[in-house]
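# Architecture and fold: a report
Below, each chain spelled out in residue letters.
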Amino acid sequence: MKTMIQSVKGTREFYPRQMELRRWLYAKIEATATQFGYEEWDGPFLEKIDLYAAKSGEELVKEQSFVFPDRGGDLITLRPELTPSLARMVAQKQNELTYPLRWWSFGPFWRYERPQKGRSREFFQWNIDMIGVESAEADAELVGICVKFLKSVNVTPDQVKVLVNHRELIDVELGKLGVVSDLKKAVFKLIDRKDKLPFDKWEATALEAGLTQNQLEGVVTLLENKELWRESEYLSKVFSILEKMGVADYVEYDPKIIRGLDYYTGLVFEAWDVGGDGRSVLGGGHYSNLIGDVGGSPLGGVGFAMGDMMMTVILEKYGLLPQFGAFEKTVLVTVFDQSLMLSSVGFASELRSNGVKTICYPEISKLQKQFKYADRMGIELAVVIGPDEDVEGKVTLKDLKSGSQETIKREDAAAKIQQMLV
RNA sequence: GUGGCUAUAGCUCAAUGGCAGAGCAUCGCACUGUGGAUGCGAGGGUUGUGGGUUCGACCCCCAUUAGCCACCCCA
């Protein structure tokens, strides 16, 4: 123990129990994405830092990326997000792809941050994007997909809400307040932090950034206006589509949703744990210029990303994590003694040939120990082939849940077991 | 990057500055053809690491490392 080399800080270790959860989550994601006709894809785990330098936002690149020089001196980063890779891969084959393209991906990402609850340095993220369309319908579809996913894992609207806003709408409103373009980026940042800072502090920061007292009050009023979306034809359309999709109960307008990533240009949205203490569990939006920014022709897209850890925190909090029984449908063939070992091995093999998941106990030991093993593993059916059974060409099947057992002809056993395991 | 808390058996945690313990888990026995339950027993420790104070340190002090939590930021 003393000399055990520790795992790298913030990395994930998936013991079988956790791997089951990861696969379960993956299956839920896949089902939702596939239902909407999205195709699975992936990008490199390593990218040059320049890919992110342009558009992802300064903090993400400078503070939160794992960066190291390769042997040729290039600065390589473990991917902190997927969208720039997506933009490049689309740009590279821009004229060969059929639009709108609908792609999804689930894989590991790395960010150099202090680990805490729901946050580590290595995490899995679901990304799903539609590219090649500039429409409220496309934007609404992505919002709808995230709601459908939430539904598929039994999260309810009073547990998680999807908050929606539109950057242009806020941009226009800021214009009305006389906020000049140069200041808008800073104000966006401020809006994003409105609920994260105490008001006096927030106010001070705002004035420091260059807002006048009047403008400040205007912004505050703006951010309290939950009906602001009515002034946007675009958002009205989005909401009516979401209504038709049957997901409107999960969706709310919130003028404070801005998103930290710089490349969003239109619709932005985040899913939040309504139960207060949470961070956002998922976030996304519309990006009109990203493909062009990485060297392609202008082409817009919309998408979102969801991290596995926060989602798991939420599911755990609301008791929605499934109980896994990895070995419920597995048979343990016990080994009676050395002379009968081959008989057990042979029978186990027969069962596997019949499509039954079968574990044969791998050493000679007391039946007591073997049954205990089965019990611990959650195995519900055990087979005993002792001297009596062997002589008569029979096997004993024991149902570990009820404790009852019966001895039947060996050639009838496979069928009987299949029936018992249903 | 900032702040708070923690570190003792495999796990969860106790222990006025005076013999390092419990529960769970493991192994054995009761039980040589059968798990969960019960009883009895056993093994398991350089108290994160390095210094200091003290007759004496798990306990107090300093440093260090790691973990957790909250900020920042984000998934």
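All figures in this text were calculated on a predicted structure; none of them were measured in a lab.

Inspection of the entire model under this criterion finds 15 aromatic pairs. Aromatic pair tryptophan 126 and phenylalanine 149: ring centres 5.2 Å apart, planes at 55 degrees, arrangement tilted. Of this pair, tryptophan 126 sits in strand 6 (residues 122-131) while phenylalanine 149 sits in helix 5 (residues 136-152); the two residues are 23 residues apart in sequence, bridging distant segments of the chain. Three or more aromatic residues link up through ring pairs in this structure, and these residues are Phe14, Tyr26, Trp104, Phe106 and Phe124.

Moving on, we come to the pattern of salt bridges. Going through the model one piece at a time under the given rule, you end up with 20 salt bridges. With a shortest N-O distance of 3.7 Å, lysine 394 and glutamate 392 are connected by a salt bridge. We classify lysine 394 as partly exposed; its relative accessible area is 27%. We classify glutamate 392 as exposed; its relative accessible area is 52%. With a shortest N-O distance of 3.3 Å, lysine 416 and glutamate 406 are connected by a salt bridge. One end of the pair, lysine 416, is in helix 16 (residues 410-421); the other, glutamate 406, is in strand 16 (residues 405-409), and 10 residues separate them in sequence. Overall, the relative accessible area of 24% leaves lysine 416 in the partly exposed class. Each of Glu173, Lys176 and Glu231 takes part in salt bridges that share partners, so that together they form one network.

In this section: the domain arrangement of chain A. Taken as a whole, chain A is organised into domain 1 (16-317) and domain 2 (330-421). Inter-centroid distance (C-alpha atoms) of domain 1 to domain 2 is 53 Å.

Neighbouring RNA strand B are 43 residues; Lys9, Arg111, Arg119, Arg376 and Leu400 lie closest to it. Put simply, 50% of the atoms of RNA strand B that lie within 4 Å of the protein are in sugar or phosphate. With respect to RNA strand B, the side chain of serine 280 contributes an N or O atom lying 3.5 Å from a sugar or linking oxygen. At a separation of 3.3 Å, a sugar or linking oxygen of RNA strand B approaches a polar backbone atom of glycine 307. Elements represented by at least two residues in the surface near RNA strand B include exactly strand 6, strand 10 (280-287), strand 11 (301-307), helix 14 (367-377) and helix 15 (387-392). Grouping the amino acids of the surface near RNA strand B by side-chain chemistry returns 11 nonpolar, 12 polar and 20 charged.

Attention now goes to the pairing of strand 14 (residues 381-384). In the case of a regular strand, side chains alternate between the two sheet surfaces. Along strand 14, one buried face is formed by Leu381 and Val383 and the opposite face, lined by Ala382 and Val384, is buried too. Looking at chain direction, strand 12 (residues 330-333) and strand 14 are connected through three bridges and run parallel. From the neighbouring strand, valine 331 faces strand 14, where its bridge partner is leucine 381.

Before going further, it helps to spend a moment on the environment of cysteine 360. Mapped onto the fold, cysteine 360 is located in strand 13 (residues 357-360). Each C-alpha atom of the pair cysteine 360 and glycine 346 lies 9.6 Å from the other, and the pair is 14 residues apart in sequence. Apart from residues no more than four positions distant in its own chain, cysteine 360 is found in contact with Val333, Val335, Ser344, Val345, Ala348 and Arg352.

Quick look at the sheet that holds strand 3 (residues 66-69) now. Spatially, 2-4-3 is the arrangement adopted by the three strands of the open sheet, whose pairing is antiparallel. Unpaired on one side and paired on the other, strand 2 (46-48) and strand 3 mark the two borders of the sheet. Neighbour to neighbour, the strand axes of the sheet diverge by 35 degrees on average, direction disregarded. Bridge count for strand 3 against strand 4 (residues 75-78) is four bridges, and the pairing is antiparallel. Residue pairing for strand 4: valine 67 is matched across the bridge by threonine 77.

In terms of residue burial, helix 4 (residues 83-92) counts as a mostly covered element, since seven of its 10 residues are buried. All of the buried residues in helix 4 are Thr83, Pro84, Ser85, Leu86, Ala87, Val90 and Ala91. The elements touched by buried residues of helix 4 are strand 2, helix 2 (50-53), strand 5 (101-110), strand 6, strand 10 and helix 11 (290-293).

The next thing to look at is the packing of helix 6 (residues 167-176) against helix 7 (residues 181-192). Geometrically, a packed helix pair is captured by the angle between its two axes and the distance between the axes. Where helix 6 meets helix 7, the closest approach of the two axes is 11 Å, and the angle between their N-to-C directions is 115 degrees. Helix 7 is crossed by helix 6, and the crossing has right-handed handedness. Along the contact surface, helix 6 presents Arg167, Ile170, Asp171, Leu174 and Gly175, while helix 7 presents Lys184, Val187, Phe188 and Ile191. Along the lines of polarity and charge, the residues of the contact of helix 6 with helix 7 split into five nonpolar, one polar and three charged.

Attention now goes to the side chain of serine 105. Structurally, the position occupied by serine 105 is in strand 5. Residue classification places serine 105 among the buried residues on the basis of a relative accessible area of 1%. At 2.9 Å, the side chain of serine 105 and the backbone oxygen of tryptophan 41 are in polar contact. If near-sequence neighbours (up to four positions away) are discounted, serine 105 is found in contact with Trp41, Asp42, Leu82, Gln125, Trp126 and Asn127.

The omega torsion of the bond from tyrosine 99 to proline 100 falls at -5 degrees, within 30 degrees of zero and hence cis. Turning to its location among the elements, proline 100 is positioned in the loop between helix 4 and strand 5. If you check the backbone angles, asparagine 154 has positive phi at about 65 degrees while not being a glycine. Among the structural elements, asparagine 154 can be located in the loop between helix 5 and strand 7 (160-166). Residue class for asparagine 154 comes out exposed when judged on its relative accessible area of 54%.

What counts and how
- Residues numbered from 1 in each chain as written.
- Chains lettered and ligands numbered in written order.
- Predicted model: local features only at pLDDT ≥ 70, side-chain atom pairs only at ≥ 80, totals over all residues.
- Heavy atoms only, no water.
- Phe/Tyr/Trp six-rings, centres within 6.5 Å; stacked < 30°, edge-to-face > 60°.
- Helix = DSSP H or I, 4+ residues; strand = E, 2+ residues; numbered from the N terminus.
- Salt bridge = Lys/Arg side-chain N within 4 Å of Asp/Glu carboxyl O.
- Buried < 20%, exposed > 50% of the residue type's maximum accessible area, 1.4 Å probe, protein only.
- Domains from an automatic or database assignment.
- Near = heavy atom within 4 Å.
- Polar contact = N/O pair within 3.5 Å; in protein donor to acceptor, adjacent residues only side chain to side chain.
- Nonpolar A, V, L, I, M, F, W, Y, C, P; charged D, E, K, R; others polar.
- Pairing = 2+ DSSP bridges.
- Contact = heavy atoms within 4.5 Å.
- Axes fitted to C-alpha atoms, helices over the stretch in contact; angles between N-to-C directions.
- Left-handed = near helix turned anticlockwise from the far one by under 90°.

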